[in-house]
Protein chains: 4
Amino acid sequence: MPRKSPTKAKQPSRLITASRELVDDVALANLILFDHEILDGFGHVSARHDKDPQKFVMSRYVAPGIVTRADIREFSLDSEPLPERGEKHYSERFIHGEIYKARPDAMAIIHSHAPPLIPFGATGAALRPMYHMSAHVGLGVPIFEIRDFQNEGQMLIRSAYLGRSLAETLGDKPMVLMRGHGATSAAPSLHLAVYRAIYAALNARLQMEAMRLGEVNYLSEIEVETCLAGVETTNERAWALWKKEAAGKKR
Amino acid sequence: MPRKSPTKAKQPSRLITASRELVDDVALANLILFDHEILDGFGHVSARHDKDPQKFVMSRYVAPGIVTRADIREFSLDSEPLPERGEKHYSERFIHGEIYKARPDAMAIIHSHAPPLIPFGATGAALRPMYHMSAHVGLGVPIFEIRDFQNEGQMLIRSAYLGRSLAETLGDKPMVLMRGHGATSAAPSLHLAVYRAIYAALNARLQMEAMRLGEVNYLSEIEVETCLAGVETTNERAWALWKKEAAGKKR
Amino acid sequence: MPRKSPTKAKQPSRLITASRELVDDVALANLILFDHEILDGFGHVSARHDKDPQKFVMSRYVAPGIVTRADIREFSLDSEPLPERGEKHYSERFIHGEIYKARPDAMAIIHSHAPPLIPFGATGAALRPMYHMSAHVGLGVPIFEIRDFQNEGQMLIRSAYLGRSLAETLGDKPMVLMRGHGATSAAPSLHLAVYRAIYAALNARLQMEAMRLGEVNYLSEIEVETCLAGVETTNERAWALWKKEAAGKKR
Amino acid sequence: MPRKSPTKAKQPSRLITASRELVDDVALANLILFDHEILDGFGHVSARHDKDPQKFVMSRYVAPGIVTRADIREFSLDSEPLPERGEKHYSERFIHGEIYKARPDAMAIIHSHAPPLIPFGATGAALRPMYHMSAHVGLGVPIFEIRDFQNEGQMLIRSAYLGRSLAETLGDKPMVLMRGHGATSAAPSLHLAVYRAIYAALNARLQMEAMRLGEVNYLSEIEVETCLAGVETTNERAWALWKKEAAGKKR
């Protein structure tokens, strides 16, 4: 079925107060990240509400690859749905609320199980910036060890407490790896969040290859800074492509 | 040709006594596992009959990527087709019958040659749980060495005797690797069997990468248990996605 | 453009004397091998003429991914087109003619640059049978070193002399690796040739992974023999799938 | 949306003086290189103007995967758009102008971030010709270290000065790797540029695999020369395939 079938279900919920543009972009970000194998049946992407910074928007309990604008909901920074409609939600939504609280600069958050990042989280090998597209990796990528925060074997961020703990480990960095789980990133815009997620995963893949080839010459600190100021301003060029690809795909 | 062409051949056989839902799900599981490169032209997936636990349902002799509901047949636990219609069947169907006999908890069985699992079976390197999506791997994955059960060079499970031997090696575990051949898994539901097969293969891929990066910090025993009780309850979210993808694909 | 558009160009040439079935199968084998990344813009697949063993059929000078039945031509065992129509042909067609001369049992020949095989040819690492689907690899895979037969830097089999040299190195084996070039295989049927090409490449991929994991437990001699007598009889199950996939694909 | 929708926007700009064939080929080269994962949302491909060697043609600021003939523009060898229409252009267009100045033989230039090349640039490991399809790699592939030409952390070729520096490092070679960035290649024709870009990346992938397998037997100097004179003359066979694939794809 083509995604554009003009059913009512494909309209945003009437209870949504964020702009139509933001709602569409969050739905689209789900599809783009799915198409680039950053998200699969799991993971989630949110954006801070564009009219009320004390809220964020995110899909209800749906696999990223099939999210439509009709699935987008609003949440308080305590990660509670607004309004409560008795629907099922991602149990790890606390990741989003707690990071939005701790990071006023964060306008979008992605939680993924992107495969190339898992081996770094599981071994503690440092993810470092291989090339100019992934300069943000050079700002530092801490690893979240959930065992430091509870001893019940929990791997999921199913409470405000664990969400806060994750936010603390993230600190002011763009991304945190979660040992045995995945990664979470916070970015100054939704488009940039998507761009960074895609290129962080590619950096990880290339770094694994490069480490087997020889001593890797990573980006220097000044190169990272210069790239962040320069290369990253080009991300709309890619967004236009990704949007067209995602929209044109049969779902 | 779209799969939905309303030909009679696409109706379930009139001789089927299992529910339409189960028949459809087994056909769908074939397609999903094919789309995720767990099955290719070979391998098979079965489910225990939902009205008679002394039977199971599985496709007749057809490559998984093109199985439709019309191909689903019923088998006794001796792995004989019911009724016998002179059709060709998978020579390794004994895998299914013998495991259903030995494991009353098994509601679905998958036999695959999933590529990422083959190197583990062939080297004896232990497959271990890399991340929360693959916690079931942490319950233990024995390796079946067929040379221990015959000395004629047979690699296929073409007899009840070899099926029983495989079932014994599997024991109460969720999966057994078969040296030089593939893997077989048994799960408490068909949906969970599909989910586990996909994430076991991804775990294998990631573990091979991680082992080259450094010392791997695997899930602990308590983490495995907690994930099995928690993460695995989310598999229907992925099933909805996989079903939509498989149904929408041109075959 | 769908491949089935009923243009005259899509009919076999009137000069073809082989059966329509064989012509169709050779065209289809091109597409299947392209879809499985065994062939790309280069490589070729032929079959011995089914009415005259002193001829073979193969595409004219066209990339495998877009070969249709209208491109199939007939050749003498001296690798000359029959009749000569002033068309362009693969410069390496001598591979085919010379092997058909040397190997009366060969009914189909594939010359490919299948990527996973190249590292084996270039390093001399022995390709060995990792699993039951690739048992034919266990019959031995010699490496053709073209430097042993000329010293002009030629890498292509552009003469009957080099074709004979390749045939000699192949001997009675199912496949020969060509250093810095690719591989050539000869099989008792076209369907089996396609099957073996796909699984030889997969074996190569898995063997590279396994060798990094630990000591590999390869198939024994008796296992190879048993698999050749057993597993390989199942290749029509896969052919039915591959045919459907290739036919249904937009080209 | 199919690319062929007959909108005015899909006609070449009226200000274009190059031949329609060249404009179409440059647009097509963008799509082909995108489809083969040489370009993604970034990178660019240009051709020297076929009526005025003091100009080149290239897309305006658009991601390669969605370039159409309507996006192609003309540039002076100082990399300035002709005429200036106030449009946005690739900031790294100086790569093209400066290499066309320095290399009268260059008829086409590709700047990419092809993933398999990045680890070679970042480690300094020598890219060497693994097989006959990639013989041009054997002419030598220097590495451009941008730190040798400025100390501001710049990674992009955003000035004529850096373009000239890159052209100098390239010298008379077919390709230069750019540390932490990508690669740039210059070729005697656009079709050959595309062919070489695709097979250089494949060579890189295969070389990484082969180096883990054992000592690699690379092409010798005379083999490189012979392949350049022979194998490379076959690139139109692949171009016909790639063109058909790119044209038939939904964008």
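**Q** Any details on the overall build of chain A? Residues and values, ideally.
**A** Along chain A, the regular secondary structure elements total seven helices and eight strands. Relative to the compact-globule value of 18 Å for 251 residues, chain A shows a C-alpha radius of gyration of 18 Å, a close match. Its C-alpha atoms give chain A principal-axis dimensions of about 55 × 45 × 30 Å. Buried positions account for 64% of the 251 residues belonging to chain A. By sequence separation, contacts in chain A at least 24 residues apart represent 69% of the contacts at least 6 residues apart. Surface summary for chain A: the accessible area is close to 9100 Å², and the carbon and sulfur share equals 53%. Chain A carries 32 positive and 30 negative side-chain charges, and their two centres are separated by 8 Å.

**Q** Go over the pattern of salt bridges, please, and point to the residues and values.
**A** Per the stated rule, a full pass over the model turns up 72 salt bridges over all chains. For Glu145 of chain B, the salt bridge goes to Arg179 of chain B, with nearest N and O atoms at 2.7 Å. Of this pair, Glu145 of chain B sits in the loop between β6 (143–144) and α4 (160–170) while Arg179 of chain B is found in the loop between β7 (175–178) and β8 (182–187), placing the two residues 34 residues apart along the sequence. For the pair Glu145 of chain B and Arg179 of chain B, a shared accessibility class is recorded, and that class is buried. The residue Arg212 of chain D makes a salt bridge to Glu209 of chain D at a minimum N-O spacing of 4.0 Å.

**Q** Pulling in residues and values, what's your account of the interface of chain D and chain C?
**A** Counting residues at the interface gives 36 residues for chain D, matched by 38 residues for chain C. There are three salt bridges connecting chain D and chain C. A salt bridge links Arg179 of chain C to Glu223 of chain D, with the shortest nitrogen-to-oxygen separation between them at 2.8 Å. For the side of chain D that touches chain C, a count of residues per class yields 18 nonpolar, ten polar and eight charged.

**Q** Which residues make up the relation of the copies chain D and chain C, and what values do they have?
**A** In screw terms, the move from chain D to chain C is a rotation of 90° and a rise of 0.0 Å along the axis, fitting with an RMSD of 0.0 Å. Such a turn and shift between the copies fits a four-fold axis. The position closest to the rotation axis in chain D is occupied by the C-alpha of Arg212 of chain D, lying 5.9 Å away. Different-surface contact between copies: only 3% of interface residues of chain D are shared with the interface of chain C.

**Q** Describe the interface of chain A and chain D, naming the residues involved and giving the relevant values.
**A** On the chain D side, the residues contacting the 36 residues of chain A number 37 residues. Summed over both partners, the interface of chain A with chain D comes to about 3000 Å²; 64% of that surface belongs to carbon and sulfur atoms. Among the residues chain A hides against chain D, the three largest losses belong to Leu213, Arg237 and Leu241 of chain A. Together they make up 26% of the total. At the junction of chain A and chain D, the tally comes to three salt bridges. The set of elements that each furnish at least two residues to the side of chain A that touches chain D consists of α5 (190–213), α6 (221–229) and α7 (235–248) of chain A. No other element matches α5 of chain A, which puts nine residues into the side of chain A that touches chain D. When its residues are assigned to classes, the side of chain A that touches chain D shows 18 nonpolar, ten polar and eight charged.

**Q** Outline the packing of helix α2 (residues 94–102) of chain C against helix α4 (residues 160–170) of chain C, listing residues and values.
**A** In a packed pair of helices, the relevant descriptors are the angle between the two axes and the axis-to-axis distance. All names here are of chain C. Following both chains from N to C, one finds α2 and α4 inclined at 50°, their axes separated by 8 Å at the closest point. By the angle between their directions, the pair α2 and α4 is classed as oblique. Where α2 crosses over α4, the handedness of that crossing is right-handed. For the pair formed by α2 and α4, the contact residues are Phe94, Ile95, Glu98, Ile99 and Ala102 on the first element and Ala160, Gly163, Arg164, Leu166, Ala167 and Leu170 on the second.

**Q** Hey, could you go over the sheet that holds strand β4 (residues 81–82) of chain D for me, with residue numbers and the actual values?
**A** Residues and elements named next belong to chain D. Across the sheet, which stays open at both edges, the eight strands sit in the order β4-β3-β2-β1-β5-β8-β7-β6 with mixed pairing between neighbours. Strand pairing shows two members of the sheet lacking a second neighbour, β4 and β6 (143–144), which therefore form its edges. Relative to strand β3 (residues 72–76), strand β2 (residues 55–59) runs antiparallel, the two being bridged by five bridges. Within the sheet, the bridge partner assigned to Phe56 lies in β3 and is Phe75. Running at roughly 155° to strand β1 (residues 44–48), helix α1 (residues 20–35) makes contact with β1, β2, β3 and β5 (108–112) of the sheet.

**Q** Break down the sheet that holds strand β4 (residues 81–82) of chain C for me, citing the residues and quoting the values.
**A** Residue and element names in this part refer to chain C. Strands sit in the order β4-β3-β2-β1-β5-β8-β7-β6 across an open sheet of eight strands; the sheet is mixed. Lying at the two open borders of the sheet, with one neighbouring strand each, are β4 and β6 (143–144). Pairing geometry for β6 and strand β7 (residues 175–178), over two bridges, is parallel. In the sheet register, Phe144 faces β7, and the bridge partner there is Met178.

**Q** Give a detailed account of unusual backbone geometry, specifying residues and quantitative values.
**A** Residues and elements named next belong to chain A. Residue Pro83 is bonded to the preceding Leu82 through a cis peptide linkage, with omega at -10°. Within the secondary structure, Pro83 sits in the loop between β4 (81–82) and α2 (94–102). With a phi close to 65°, Ser79 is a non-glycine residue in the positive phi region. As for its placement among the helices and strands, Ser79 is situated in the loop between β3 (72–76) and β4. The exposure class assigned to Ser79 is buried, which follows from its relative accessible area of 0%.

**Q** Which residues make up the pairing of strand β8 (residues 182–187) of chain D, and what values do they have?
**A** Residue and element names in this part refer to chain D. Extensive coverage of β8 is indicated by the burial of six of its six residues. One ladder, built from five bridges, connects β5 with β8; its direction is antiparallel. Counterpart to Ser112 in the pairing with β8 is Ala183. One ladder, built from four bridges, connects strand β7 (residues 175–178) with β8; its direction is antiparallel. Along β8, the bridge assignment pairs Leu177 with Ala183. Between β7 and β8, which pair antiparallel one after the other, the connecting turn spans three residues, and Gly180 there sits at a positive phi close to 70°.

**Q** Please give an account of a positive patch on the surface that cites residues and values.
**A** A cluster of basic residues, Lys250 of chain A, Lys250 of chain B, Lys250 of chain C together with Lys250 of chain D, forms a positive patch on the protein surface. Among the secondary structure elements, Lys250 of chain D is positioned in the segment after α7 (235–248). Judged by its relative accessible area of 52%, Lys250 of chain D is exposed.

**Q** A description of the relation of the copies chain A and chain D should follow, citing residues and the corresponding values.
**A** For the pair of chain copies, the relating operation is a rotation around an axis with a shift along it. When chain A is brought onto chain D, the operation consists of a screw motion whose angular component is 90° and whose axial shift is 0.0 Å, with 0.0 Å RMSD remaining. The share of interface residues of chain A whose copies in chain D are also at the interface is only 3%, consistent with the copies meeting through different surfaces.

**Q** Tell me about the environment of Ser165 of chain A, residues and numbers included.
**A** Residues and elements named next belong to chain A. Mapped onto the secondary structure, Ser165 falls in helix α4 (residues 160–170). Judged by its relative accessible area of 3%, Ser165 is buried. Along the chain, Ser165 and Pro129 lie 36 residues apart, while their C-alpha atoms are 26 Å from each other. Beyond its immediate sequence surroundings of up to four residues, Ser165 is in contact with Phe144 and Phe149.

**Q** Talk me through the pairing of strand β2 (residues 55–59) of chain C; I want residue IDs and the actual numbers.
**A** All names here are of chain C. With respect to burial, β2 is a largely interior element, five of its five residues being buried. Because side chains alternate across β2, one face comprises the buried residues Lys55, Val57 and Ser59, and the other comprises Phe56 and Met58, equally buried. Bridge analysis of strand β1 (residues 44–48) against β2 gives three bridges, and the strand direction is antiparallel. Paired with Ser46 across the strands is Met58, a residue of β2. In sequence, β1 turns back onto β2 through a hairpin of six residues.

**Q** An account of the side chain of Arg237 of chain C is needed here, citing residue identities and associated values.
**A** In this fold, Arg237 of chain C is placed in helix α7 (residues 235–248). Although Arg237 of chain C lies buried, it forms no salt bridge, and the closest oppositely charged side chain, Glu92 of chain B, sits 6.7 Å away as judged by the N-O distance. Every residue in contact with Arg237 of chain C, bar those within four places of it in the chain, is listed here: Gly41, Phe42, Gly43, His44, Tyr61, Val62, Ala63 and Tyr90 of chain B.

**Q** Outline the confidence of the model for chain A, supporting the account with residue identities and numerical values.
**A** Averaged over every residue, the pLDDT of chain A is 94; the share at 70 or more is 96%. Ignoring residues within four places in sequence, the model shows residues 1–8 of chain A, a span with pLDDT below 50, making ten contacts including any to other chains.

**Q** Describe the packing of aromatic side chains, and please don't skip the residues or the numbers.
**A** What the rule picks out here adds up to 28 aromatic pairs over all chains. Relative to Phe42 of chain D, the ring of Tyr195 of chain A has its centre 6.2 Å away and its plane inclined at 85°; by these criteria the two rings are edge-to-face. On the criterion of chain membership, the pair formed by Tyr195 of chain A in helix α5 and Phe42 of chain D in the loop between α1 and β1 is interchain, its members lying in two chains. With a relative accessible area of 0%, Tyr195 of chain A lands in the buried category. Over the ring of Tyr61 of chain A we find Lys88 of chain A; its NZ or CZ atom is 4.3 Å from the centre of that ring.

About the criteria used
- Residues numbered from 1 in each chain as written.
- Chains lettered and ligands numbered in written order.
- Predicted model: local features only at pLDDT ≥ 70, side-chain atom pairs only at ≥ 80, totals over all residues.
- Heavy atoms only, no water.
- Helix = DSSP H or I, 4+ residues; strand = E, 2+ residues; numbered from the N terminus.
- Rg over C-alpha atoms; globule rule 2.2 N^0.38 Å.
- Buried < 20%, exposed > 50% of the residue type's maximum accessible area, 1.4 Å probe, protein only.
- Contact = heavy atoms within 4.5 Å.
- Areas by Shrake-Rupley, 256 points an atom, 1.4 Å probe, with all protein chains shown as cover.
- Lys, Arg positive; Asp, Glu negative; His and termini not counted.
- Charge placed at Lys NZ, Arg CZ, Asp CG, Glu CD.
- Salt bridge = Lys/Arg side-chain N within 4 Å of Asp/Glu carboxyl O.
- Nonpolar A, V, L, I, M, F, W, Y, C, P; charged D, E, K, R; others polar.
- Least-squares fit on C-alpha atoms with pLDDT ≥ 70 in both.
- Buried area = accessible area lost by both parts, 1.4 Å probe.
- Axes fitted to C-alpha atoms, helices over the stretch in contact; angles between N-to-C directions.
- Parallel < 35°, antiparallel > 145°, perpendicular 65-115°, else oblique.
- Left-handed = near helix turned anticlockwise from the far one by under 90°.
- Pairing = 2+ DSSP bridges.
- Patch = residues over 30% accessible without salt bridge, like charges linked within 9 Å, V, L, I, M, F, W, Y side chains within 5 Å.
- pLDDT = per-residue confidence, 0-100.
- Phe/Tyr/Trp six-rings, centres within 6.5 Å; stacked < 30°, edge-to-face > 60°.
- Lys NZ or Arg CZ within 6 Å of the ring centre and 35° of its normal.

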